[in-house]
Amino acid sequence: MIGRHGPLQRRRDRVTEAPIIDTATIRLGGVTLPRWFVLALVALAARAVTFGNPVLHVDEQFYYAVADAMRHGALPFVDVWDRKPVGLFLVYLPAALFGPVLGIWAYQALALLCVVVTATIIAHLAERAGWARGALVAAILYILWLNIADGQGGQSPVFYNPLVAGAILLALPRSGEAHRPRSAGLAAMALIGLSLQIKYSTVFEGIWIGLMLLWREWRAARPVTSILGYGVALVLVALLPTLAVAGVYAALGQEQAFLYANFISVMLRRPDSWQESGGNFLLLALSIAPLMAAVWAGRRVGADDPSRSEARLFLRGWLVAALIGVLLFGSYFNHYALPLLVPGCVCGAAWFGNSARGARLGWILAIIVGLAGEAIVIDNINKRGSTAELRALAAEIGSGPGCLYVFSGDTMLYPATGRCTETPYLFPSHLDREREQGAIGVDQAAEVRRIFARQPAVVVMRPPYNGERSEMRAMAVGLLKAGGYRLKAERQLGVQRIDIYTR
């Protein structure tokens, strides 16, 4: 096992005040390196094959497309529709300013930075809990496990995980400390507030942090009124970014659009079939089963050290809170496991550092996860498409004149071609997926008819997919024929054939 101050042995676990800036070092082959630097090298190696690829995942394609529309003046939830918080699109906006080529590199560089920061915080949290011997392998496992769970690019948890982990680090009790300063608790909730504007599901982790902070106040025999006041302050700080965004939309007269997209539409979405949900859940559970097994195996490690029991309870409760957030939102796509990896790796450090056997198995697991993750990423690139294939497809579509409508396919085609759009619903499944029927604020069929009535210059279609409304595809094919469209070209993107229709 690689240690902090020696090639084979880690310094004894006596870390009690881990700073936010990583000061730990690792000695490799006679060279002493900062731990964050080693983590950065691991992240670079794990993600190198993805750099510059604009079609890593449909989600981040869409986030980039929305950010690109924003740089041309579009207002989320009004001019371009989705139910994700506006903060997620603001994360992508600086990258979109670089254009459709450098912009891809820019958002992926930001994602890389977030991964390294999160891994560094994981190591600090493990040390704070008294699991320093397993801290390094836990941090490395987080980086590698992202590839297993479709986090190889810029999925939303990649960007909010460092915020949530930072909030936990600020709120986590330190050895010998009666209670955390209230300023630290307020700072933690401020980070949670920012994370909520990337994805609202972090509310459960925020609730857990708030409850632990208030319980600590109660245990310190604070007056009830003081505790209540502190609780109100914590809630207000966490809600401040969302309230600020709501205020901006209200000032623009678009408060209804904001409320519907952010809070109402998600409750109207239809559930997936039990076969699809069950299959997705099984794959998600299998993808993180070894990590959860390590967490379970280390549940009693350090039980004889009462000085750290509260910190360990806090961290394990965080994992439960993150799990609740995943279970309640349904769908269970494999990338929904990404927020579980942070508390899972932290708590898994208990077992990885408990014994020579645990350490050895931890590093073996890291090697297996690294190889499996790289194989999965390469396989996904082969299935979803390469940079060259996307560029060839965009070149065939051309940059104008006339607007583009992607009935089904890759939303990256919008920024890649620079063509105008005919609908706020850029994400194709909003208009053709079964579960979105009645949940987007307009009738799907009526909106597709309206789009074709505006006679887009180019229409793009991929083959049918599981969950698509067959009647919507049949209607679109009929509208293509009625509108005088012809099949201009067929291009391959990964394993799919993409049809390009022009008038």
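Everything discussed here concerns the structure shown above.
Trainee: Run through the overall build of the protein chain, naming residues and quoting values.
Mentor: Along its length, the protein chain carries 19 helices and 6 strands. With the C-alpha coordinates of the protein chain rotated into their principal frame, the extents come out at 75 × 55 × 40 Å. Split into buried and exposed, the 503 residues of the protein chain put 56% on the buried side. Accessible surface, the protein chain as shown: approximately 20500 Å² in total, 65% of it carbon and sulfur. Charged side chains in the protein chain number 47 positive and 34 negative. The centres of these two groups are separated by 7 Å.

Trainee: Tell me what's going on with the packing of helix 7 (residues 182-196) against helix 8 (residues 203-219), and back it up with residues and numbers.
Mentor: Two quantities define a packed helix pair, namely the angle between the axes and the distance from one axis to the other. Close contact between helix 7 and helix 8 brings their axes to 10 Å; oriented N to C, the two are set at 170 degrees. Overall, the two elements helix 7 and helix 8 adopt an arrangement that is roughly antiparallel. Along the contact surface, helix 7 presents Arg182, Gly185, Ala188, Met189, Ile192 and Leu196, while helix 8 presents Val203, Gly206, Ile209, Gly210, Leu213 and Glu217. Tallied by class, residues from the contact of helix 7 with helix 8 come to 7 nonpolar, 3 polar and 2 charged.

Trainee: Go over the packing of helix 8 against helix 9 (residues 224-251), please, and point to the residues and values.
Mentor: Between helix 8 and helix 9, the least distance of the axes is 10 Å, while the angle of their chain directions is 160 degrees. Taken together, the axes of helix 8 and helix 9 lie roughly antiparallel to each other. Pair helix 8 / helix 9 crosses with right-handed handedness. Across the interface between the two elements, Gly210, Leu213, Leu214, Glu217 and Trp218 of helix 8 pack against Val224, Ile227, Tyr230, Gly231 and Leu234 of helix 9. Each residue belonging to the contact of helix 8 with helix 9 can be placed in one class, and the counts come to 7 nonpolar, 2 polar and 1 charged.

Trainee: Help me get a handle on the side chain of serine 408, residues and values and all.
Mentor: Relative to the helices and strands, serine 408 is located in the loop between strand 3 (404-406) and helix 16 (413-417). Residue classification places serine 408 among the buried positions, given a relative accessible area of 1%.

Trainee: Could you give an account of the state of the cysteines, with specific residues and numbers?
Mentor: Under the definition given, this model contains 1 disulfide. Considering cysteine sulfurs only, cysteine 345 is the nearest to cysteine 114, which forms no disulfide, with 17 Å between them.

Trainee: Please set out a nonpolar patch on the surface residue by residue, giving values where relevant.
Mentor: On the surface, a cluster of nonpolar side chains totalling about 500 Å² of accessible area is made up of Leu259, Phe263, Ile264, Val266, Met267 and Leu268. Its location among the elements puts leucine 259 in helix 10 (residues 255-268). Looking at leucine 259, the relative accessible area reads 37%, which means it is partly exposed.

Trainee: Describe the environment of serine 156, with residues and values.
Mentor: With respect to the helices and strands, serine 156 occurs in helix 6 (residues 156-171). The class for serine 156 is buried, based on a relative accessible area of 2%. The sequence separation of serine 156 and alanine 111 amounts to 45 residues, and the corresponding C-alpha distance is 9.5 Å. Filtering out sequence-adjacent residues up to four positions away, serine 156 remains in contact with Tyr63, Leu88, Ile198 and Lys199.

Trainee: Give a description of helix 7 that names residues and reports values.
Mentor: Compared with an ideal rise of 1.5 Å per residue, which puts 15 residues at 21 Å, helix 7 spans 21 Å between its outermost C-alpha atoms and is within 8% of the ideal. Listing the buried residues of helix 7 in full gives Ala184, Gly185, Ala188, Met189, Ile192, Gly193, Ser195 and Leu196. On the buried face of helix 7, the contacting elements are helix 6, helix 8 and helix 9.

Trainee: I'd like a description of the sheet that holds strand 4 (residues 458-461), backed by residues and values.
Mentor: Pairing is mixed across the open sheet formed by 4 strands, whose spatial order is 3-4-6-5. Looking at strand neighbours, the two that pair on one side only are strand 3 and strand 5 (486-493), the edges of this open sheet. The average undirected angle you get between the axes of adjacent strands in this sheet is 20 degrees. In the sheet, strand 5 pairs with strand 6 (residues 496-502) via 7 bridges, with the strands oriented antiparallel. Its bridge partner lying in strand 6, alanine 489 is registered against isoleucine 500. Against the sheet, helix 15 (residues 387-397) contacts strand 3, strand 4, strand 5 and strand 6, and its axis sits at roughly 170 degrees relative to strand 5.

Reading the values: the criteria
Residues numbered from 1 in each chain as written. Predicted model: local features only at pLDDT ≥ 70, side-chain atom pairs only at ≥ 80, totals over all residues. Heavy atoms only, no water. Helix = DSSP H or I, 4+ residues; strand = E, 2+ residues; numbered from the N terminus. Buried < 20%, exposed > 50% of the residue type's maximum accessible area, 1.4 Å probe, protein only. Areas by Shrake-Rupley, 256 points an atom, 1.4 Å probe, with all protein chains shown as cover. Lys, Arg positive; Asp, Glu negative; His and termini not counted. Charge placed at Lys NZ, Arg CZ, Asp CG, Glu CD. Axes fitted to C-alpha atoms, helices over the stretch in contact; angles between N-to-C directions. Parallel < 35°, antiparallel > 145°, perpendicular 65-115°, else oblique. Contact = heavy atoms within 4.5 Å. Nonpolar A, V, L, I, M, F, W, Y, C, P; charged D, E, K, R; others polar. Left-handed = near helix turned anticlockwise from the far one by under 90°. Disulfide = S-S within 2.5 Å. Patch = residues over 30% accessible without salt bridge, like charges linked within 9 Å, V, L, I, M, F, W, Y side chains within 5 Å. Salt bridge = Lys/Arg side-chain N within 4 Å of Asp/Glu carboxyl O. Expected span 1.5 Å × (residues − 1). Pairing = 2+ DSSP bridges.

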